[in-house]
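# Observations on the three-dimensional arrangement
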Amino acid sequence: ITTMSMYKYSTSANQSSFRADYPLSNHQIAQYAPSVLATDAHHTRGERYKFIPTIDVIDGLRANGFEPYEVRQTRVRDQSRREHTKHMVRLRHPDAIGTQSEVPELILLNSHDGTSSYQLLSGFFRFVCSNGLIAGDVTNDVRVRHSGNVVDDVIEGSYQVIENVNALAERIDLYKSIELSGEEQNLLANTAADIRWGEDNGLFRNSQLLLPRRWADNTTDLWTTYNRIQENVIKGGMSGRSKTGRRTRTREVGGVSENVKLNRALWTMADEFAKLKQQNS
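As the structure is a computational prediction, the values presented were derived from the model and not from experiment.

Cut-offs applied
- All residue numbers here refer to positions counted from 1 along the written sequence of the relevant chain.
- The predicted nature of this model means local features are confined to residues of pLDDT at least 70 and side-chain atom pairs, given and counted, to a pLDDT of 80 or more, with totals for whole chains, interfaces and linings taken over all residues.
- In computing side-chain values, all of the structure's heavy atoms are included and hydrogens and water are not.
- Centre distance within 6.5 Å is the pairing criterion for rings of Phe, Tyr and Trp, where only the six-membered ring of Trp is used; planes under 30 degrees apart are then read as stacked, over 60 as edge-to-face, and the remainder as tilted.
- Strands are runs of DSSP state E lasting at least two residues, helices are runs of H or I lasting at least four, and both sets are numbered from the N terminus onward.
- Burial classes follow relative accessibility: with a 1.4 Å probe on protein chains only, a residue under 20% of its type's maximum area counts as buried, one over 50% as exposed, and anything between as partly exposed.
- The rule is short: NZ of Lys or CZ of Arg within 6 Å of the ring centre and within 35 degrees of the ring normal puts a charge over the ring.
- Throughout, an axis means a line fitted to C-alpha atoms (over the contacting stretch in the case of helices), and angles, computed between N-to-C directions, take values from 0 to 180 degrees.
- Angle categories are assigned with fixed cut-offs, so that under 35 degrees is roughly parallel, over 145 is roughly antiparallel, 65 to 115 is roughly perpendicular, and the rest are oblique.
- In this scheme the handedness of a crossing depends on how the near helix is turned from the far one: anticlockwise by less than a right angle means left-handed, clockwise means right-handed.
- Contact definition: two residues touch when any of their heavy atoms are within 4.5 Å.
- Under this grouping Gly is polar, as are all residues other than the nonpolar Ala, Val, Leu, Ile, Met, Phe, Trp, Tyr, Cys and Pro and the charged Asp, Glu, Lys and Arg.
- Here a salt bridge means any side-chain nitrogen of Lys or Arg lying within 4 Å of a carboxyl oxygen belonging to Asp or Glu.
- In this text, buried Ala, Val, Leu, Ile, Met, Phe, Trp, Tyr and Cys residues form a nonpolar core when linked through side-chain atoms within 4.5 Å.
- For two strands to pair, DSSP has to find at least two bridges joining them.
- What a helix is expected to span follows from its residue count: subtract one and scale by 1.5 Å.
- For this quantity, the arc is that covered by the directions from the helix axis to the C-beta atoms.
- Residue-level confidence of the predictor is what pLDDT reports, using numbers from 0 through 100.

### A closer look at the packing of aromatic side chains
In this structure the tally under the stated criterion is five aromatic pairs. Between Trp223 and Tyr226, the aromatic rings sit 5.8 Å apart at their centres with planes inclined by 45 degrees, giving tilted as the arrangement. Of this pair, Trp223 and Tyr226 are both found in helix α5 (residues 222–235), three residues apart, which corresponds to roughly one turn of the helix. In this structure Tyr226 comes out as buried when scored by relative accessible area, which is 1%. With a centroid separation of 6.0 Å and an interplanar angle of 80 degrees, the aromatic rings of Tyr226 and Trp267 are classed as edge-to-face. One end of the pair, Tyr226, is in helix α5; the other, Trp267, is in helix α6 (residues 256–280), with 41 residues separating them in the sequence. Taken together through their ring pairs, the aromatic side chains of Tyr175, Trp223, Tyr226 and Trp267 make up a single cluster. For the cation-ring pair, Arg19 lies above Phe125, with the distance from its terminal atom to the ring centre recorded as 3.5 Å. Sitting above the plane of the Tyr69 ring, Arg92 keeps its charged end 4.0 Å from the centroid.

### Observations concerning the packing of helix α4 (residues 182–197) against α5
α5 packs onto α4 with a crossing angle of 30 degrees between their chain directions and a minimal axis gap of 11 Å. One way to sum up the angle between α4 and α5 is to call them roughly parallel. α4 and α5 meet at a crossing whose hand is right-handed. Side by side, α4 and α5 meet where Gln185, Leu188, Ala189, Ala192 and Arg196 of the first sit next to Leu222, Thr225, Arg228, Ile229 and Val233 of the second. Looking at side-chain class alone, the contact of α4 with α5 contains six nonpolar, two polar and two charged residues.

### With respect to the pattern of salt bridges
Evaluation of the coordinates by the stated rule reveals 13 salt bridges. In this structure, the salt-bridge partner of Arg171 is Asp271, at a minimum N-O distance of 2.6 Å. Remark: Asp271 occurs in helix α6 and Arg171 occurs in helix α3 (residues 150–177); sequence separation between them is 100 residues. According to the relative accessible area criterion, Arg171 is partly exposed, its value standing at 21%. Of the residues examined, Asp271 reaches a relative accessible area of 6% and is grouped as buried. Here Glu231 and Lys235 are joined by a salt bridge, their closest N and O atoms 3.3 Å apart. Residue Glu231 and its partner Lys235 are both found in helix α5; the two are separated by four residues, about one turn of the helix.

### Observations regarding the nonpolar core
Counting residues in each nonpolar core, the largest one holds 59 residues, and the members touching the most others are Leu108 and Leu209. Top contributing element to this core by residue count: α3, with 11 residues. With six residues, the next largest nonpolar core counts Met88, Leu109, Leu121 and Val260 among its residues.

### Quick word on the pairing of strand β3 (residues 67–74)
The element β3 is largely enclosed, with a buried count of seven among its eight residues. In terms of strand pairing, β3 meets strand β4 (residues 87–92) through six bridges, oriented antiparallel. Paired with Pro68 across the bridge in β4 is Leu91.

### Quick look at α4
Since there are 3.6 residues in each turn of an α-helix, residues three or four apart along the chain are aligned in direction. Helix length check: α4, at 16 residues, gives a terminal C-alpha distance of 22 Å against a target of 22 Å (1.5 Å per residue), a fit within 8%. Those residues of α4 that sit buried are Gln185, Leu188, Ala189, Ala192, Ala193 and Trp197. Projected onto a plane normal to the axis of α4, the buried residues spread over an arc of 135 degrees and lie on a single side. Packed against the buried residues of α4 are α5 and α6.

### Observations regarding the environment of Ile55
Considering the arrangement of structural elements, one finds Ile55 in helix α2 (residues 54–63). In this structure, the C-alpha to C-alpha distance between Ile55 and Leu37, residues 18 residues apart in sequence, is 5.5 Å. Ignoring anything within four residues of it in the chain, the contact list for Ile55 reads Asn26, Ile29, Val36, Leu37 and Arg62.

### Quick look at the confidence of the model for the chain
With 82% of its residues at a pLDDT of at least 70, the chain reaches an overall mean of 79. Within the chain, the lowest mean pLDDT, 47, falls on strand β1 (residues 7–11), and the highest, 92, falls on α4. Predicted confidence is poor over residues 1–14, with pLDDT under 50, and the contacts of this stretch with residues over four places away or in other chains come to 45 contacts.

### Remarks on the pairing of β4
Counted residue by residue, β4 has six buried out of six residues, so it is predominantly covered. Taking every second residue as pointing to the same face, both faces of β4 are buried, with His87, Val89 and Leu91 on one and Met88, Arg90 and Arg92 on the other. In this sheet, strand β5 (residues 102–110) lies alongside β4 in antiparallel orientation, the contact comprising five bridges. For Arg90, the partnering residue across the bridge sits in β5 and is Ile107.

See below:
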């Protein structure tokens, strides 16, 4: 797969992340997401909590062909939790079926302060916008508790997720084949705005979510429309006015939990819409 050069670091009030177009070293991971390399559990964990360093799991995945390309860590006010807080690692396997436009990835979530179990999710990375999607149904997630043989359990679960993500590639092909009218695109944008902002939805023109950030996204199929909406929601930058009339802009979605939750909700939105289109065709 040929990719553009992607070396991206971002930070906000509640998260920091780093993405590259080459496998990340442990030194880079430590620099941008130190909790991934934690050497012990947070002091609030009890005796029943089994601490397994995330980096041990990553090394086990590396030995099975997976390589990390992105790390993300929640920023916390309590600095004692900085080395143990919730984090995300996106990994890729050479056997995963990809295209010139996107490639499936394995997403590993964990923490060492009790806020998260090991969790494996399906994802796709879209090269044209350097944007990571989180895909699939919640029932396809693999969760591993901090007990037993965690490393082997996570590696076994990783191959299960890879099987799921290869199947999801067929759904993406379906999305690409579904053309949307202007009214249908607006419906998707309105739904996404309700998911993201709820009662504050009216502060922004939902049609802004449909604006392409590059010429390649100026098409009307469901896959591209969903990607435009997802990117604009996640990366922010939409202009509007607050309830007091002050000019404001939407913020980038920070925080590991919020990013995952919103990404999954938007994927479900697109998937349900595809099902409706199939039923009505």
